[in-house]
Amino acid sequence: MKTILVFGAGKSATVLIDYLKTTVSEKNWKLIVADANAEQAKTKLGDAPNTEAIEVNVTDADERRMLIESSDLVISLLPPFLHIHVVKDCVAVGRNLLNASYVDDAIRNLEAEIRSKELLFLCEMGLDPGIDHMSAMQLFDEIRERGGNITSFKSHCGGLVAPESDDNPWHYKISWNPRNIVMAGHAGAAYKENGQLVQRTYNEVFENCQEIVVDELPAFAWYPNRDSISYMPLYGLENTSTFIRTTLRYADFCKGWDVIVDLDLTNEQDQALISKSKTYREWLSAKLQQIEGRELSLRMYLELYVKEADHDIILEQFTFLELYGNDTLPANAKCSADILQSKVEQKLALQPSDKDMIVMLHEIAYELNGETKTINSSLVVKGEDSLRTAMAKTVGLPLGIAAKLILEEKIKLKGLHIPTCKEIYIPVLEELKQQGIVFKEKRN
């Protein structure tokens, strides 16, 4: 009996676990879901056959390794600082590993050992990164097989609130890890545009965001996502004049979040400042005072420093988050990012009947037989409710499908990979279509 081990039963795990429950029942395999909260894992497994929920302390080396040794394949949905423990154990024990996280230096440093042990570590196998890689590579390979030369690639993706559930001035609700939302953009961004390398600092990422329209939905704004440049060789697009990977939000969100960043409200190292504040109002006032060394109101700050946005909308956004209310700061807050996250989680939560929405758009320009041609390929997926979200579906299903294909030996790759080769993307995209994840194309 083959055993799949999943670490983590949080927001992104629901649809993955549903898919794997069906799979292990059909294949007579076993599914183990390990989480710090055993009840959460039990709730998601229900009474499904061939499944087991286990409470685990992931930092306990013996406990962690024993679970990994009992499995044939491991899926990690843990945050990066915990994920690396599982990575190292999978290498040591000799187990294949799947995750939806970016390939970082810690994993890259293990690449030779992963290859020498003939293991498959498949990373970036979720939505973004994940479905974006697979759907883009399918188009690139088709264009190249026809003799085309790709000149421009822009890939946009966002986890958003569906229009029918959009009822706050941020036009946003949380459908995945709240800390990742708070810290989005903090690494800055690098991309290529019209032949020029562009770098943006954290304070520039959310400035003057360009807008696009996808299908018949309201207009979205995009901000550049991390280091796009590193993906150019992975896609075979080193000579492309424009290459940008972006994150989508509604336009007002970017304008308000730009102010959040400029006011240093996402700082993770400012313990000294917040130790002197007792309320949200005192905390925000201290941040405003840092700007000029004198007391400023938020409206004064906006009038002095924010020229390109509607001040009333930003004031409404801050009011909605209660960032200058008289509530006492969370007792466990150690930095500004903790304080902000507490309000974001409270005020921007998906309500039980709310629906989230995933939007992805690839904009490709290429030359073929002396003519310039374009492909716009778009994906829109809406969630069912606050539990079976579009985010959980689009992150979880690629992982589940890949796990099944690996255990069936239909994917036989070895080494450290992201899903950019045909052996992965053809069967995974085909099954995603059967699950309702279908791209619409416009070609000119």
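Just so it is clear, the model here is predicted, and its values are computed rather than measured.

Asks: Help me understand the overall build of the chain, please; the structure alone is not making it clear to me.
Replies: When helices and strands are counted, the chain shows 18 helices and 16 strands. For the chain, the C-alpha radius of gyration of 23 Å lies close to 22 Å, the compact-globule estimate for 444 residues. Across its three principal directions, the C-alpha atoms of the chain cover 65 × 60 × 40 Å. Scored against the burial criterion, the 444 residues of the chain give a buried share of 55%. A fraction of 71% describes how many contacts in the chain between residues 6 or more apart in sequence connect residues 24 or more apart. For the chain, the computed accessible surface area is about 19,200 Å², with 46% contributed by carbon and sulfur atoms. Taking the 49 positively charged and 66 negatively charged side chains of the chain as two groups, their mean positions are separated by 2 Å.

Asks: Mind showing me how you'd approach the packing of helix α3 (residues 61–69) against helix α4 (residues 80–93) here?
Replies: To describe two helices that pack against each other, one gives the angle between their axes and the distance between the axes. Interaxial distance between α3 and α4 falls to 10 Å at its minimum, and their mutual angle equals 55°. By the angle between their directions, the pair α3 and α4 is classed as oblique. Two packed elements cross with a definite hand, and for α3 against α4 that hand is right-handed. Along its contact with α3, which presents A61, R64, R65, I68 and E69, the element α4 presents H85, V86, D89, C90, A92 and V93. Classifying every residue of the contact of α3 with α4 gives six nonpolar, one polar and four charged.

Asks: Help me understand the pattern of salt bridges, please; the structure alone is not making it clear to me.
Replies: A side chain of one charge can pair with a side chain of the opposite charge if their charged atoms are brought near each other. Under the criterion given, the structure shown has 32 salt bridges. For R245, the salt bridge is made with D132, and the minimal N-O distance between the two is 2.9 Å. Pair noted here: R245 is in strand β12 (residues 242–250) and D132 is in helix α7 (residues 131–145), with a separation of 113 residues, a long-range link. With respect to burial, R245 and D132 carry one shared label: buried.

Asks: Explain the state of the cysteines here, please?
Replies: Among covalent bonds in proteins, the disulfide is the one between the sulfur atoms of two cysteines. Overall, the coordinates contain zero disulfides when judged by the stated rule. In this structure C123 is not part of a disulfide, and its nearest cysteine sulfur, from C90, lies 11 Å away. Here C157 is not disulfide-linked; the sulfur of C254 is the nearest cysteine sulfur, at 14 Å.

Asks: Please explain the sheet that holds strand β15 (residues 415–417) as it appears in this structure.
Replies: Across a sheet, paired strands are connected by hydrogen bonds in the backbone, their directions being either parallel or antiparallel. Read from one edge of the open sheet, seven strands run β3-β2-β1-β4-β5-β6-β15, paired in parallel fashion. The sheet terminates laterally at β3 (51–55) and β15, the two strands that pair on one side only. In this sheet, neighbouring strand axes are inclined to one another by 15° on average, regardless of whether the strands run parallel or antiparallel. In this structure, strand β2 (residues 30–35) lies alongside β3, joined through five bridges in parallel fashion. When the sheet's bridge partners are listed, L31 is paired in β3 with T51. Strand contacts of helix α1 (residues 14–27): β1 (3–7), β2, β3 and β4 (73–76), with the helix running at about 155° to β2, the strand carrying the most contacts.

Asks: How should the nonpolar core be read in this particular structure?
Replies: One broad trend across soluble globular proteins is that nonpolar side chains are buried collectively. Within the largest apolar cluster, 94 residues are counted, with the highest numbers of intra-cluster contacts made by I4, F7 and I75. Element by element, the count of residues in this core is highest for helix α17 (residues 390–407), at twelve residues. Excluding anything up to four places from it in sequence, I75 contacts I4, L5, V6, F7, L16, L20, L98, L399 and A403. Judged by nonpolar contacts, the second largest core, of 48 residues, contains A184, C254, F318 and V344.

Asks: Help me understand the packing of aromatic side chains in this model?
Replies: Any aromatic ring pair is given by two values, namely how distant the centres are and how the planes are angled relative to each other. Per the stated rule, a full pass over the model turns up 14 aromatic pairs. Plain terms: the ring middles of Y172 and F253 are 5.1 Å apart, the flat faces sit at 45° to each other, and that makes the pair tilted. Here F253 lies in helix α11 (residues 251–262) and Y172 lies in the loop between β7 (149–161) and α8 (178–182), a separation of 81 residues in the sequence. Residue Y172 shares its accessibility class with F253, and that shared class is buried. Pairing Y231 with Y235 gives two aromatic rings, centres 6.2 Å apart and planes at 45°, and the pair type is tilted. A residue pair is termed a helical-turn pair when its members lie 3 or 4 positions apart in one helix, as Y231 and Y235 do in helix α10 (residues 231–235) at four residues. Taken as a pair, Y231 and Y235 share a single burial class, namely buried. Taken together, F140, F153, Y231, Y235 and F243 form an aromatic cluster joined through their ring pairs. The positively charged end of R249 is found above the aromatic ring belonging to F253, 5.5 Å away from the centroid.

The rules behind the values
Residues numbered from 1 in each chain as written. Predicted model: local features only at pLDDT ≥ 70, side-chain atom pairs only at ≥ 80, totals over all residues. Heavy atoms only, no water. Helix = DSSP H or I, 4+ residues; strand = E, 2+ residues; numbered from the N terminus. Rg over C-alpha atoms; globule rule 2.2 N^0.38 Å. Buried < 20%, exposed > 50% of the residue type's maximum accessible area, 1.4 Å probe, protein only. Contact = heavy atoms within 4.5 Å. Areas by Shrake-Rupley, 256 points an atom, 1.4 Å probe, with all protein chains shown as cover. Lys, Arg positive; Asp, Glu negative; His and termini not counted. Charge placed at Lys NZ, Arg CZ, Asp CG, Glu CD. Axes fitted to C-alpha atoms, helices over the stretch in contact; angles between N-to-C directions. Parallel < 35°, antiparallel > 145°, perpendicular 65-115°, else oblique. Left-handed = near helix turned anticlockwise from the far one by under 90°. Nonpolar A, V, L, I, M, F, W, Y, C, P; charged D, E, K, R; others polar. Salt bridge = Lys/Arg side-chain N within 4 Å of Asp/Glu carboxyl O. Disulfide = S-S within 2.5 Å. Pairing = 2+ DSSP bridges. Core = buried A, V, L, I, M, F, W, Y, C linked by side-chain atoms within 4.5 Å. Phe/Tyr/Trp six-rings, centres within 6.5 Å; stacked < 30°, edge-to-face > 60°. Lys NZ or Arg CZ within 6 Å of the ring centre and 35° of its normal.

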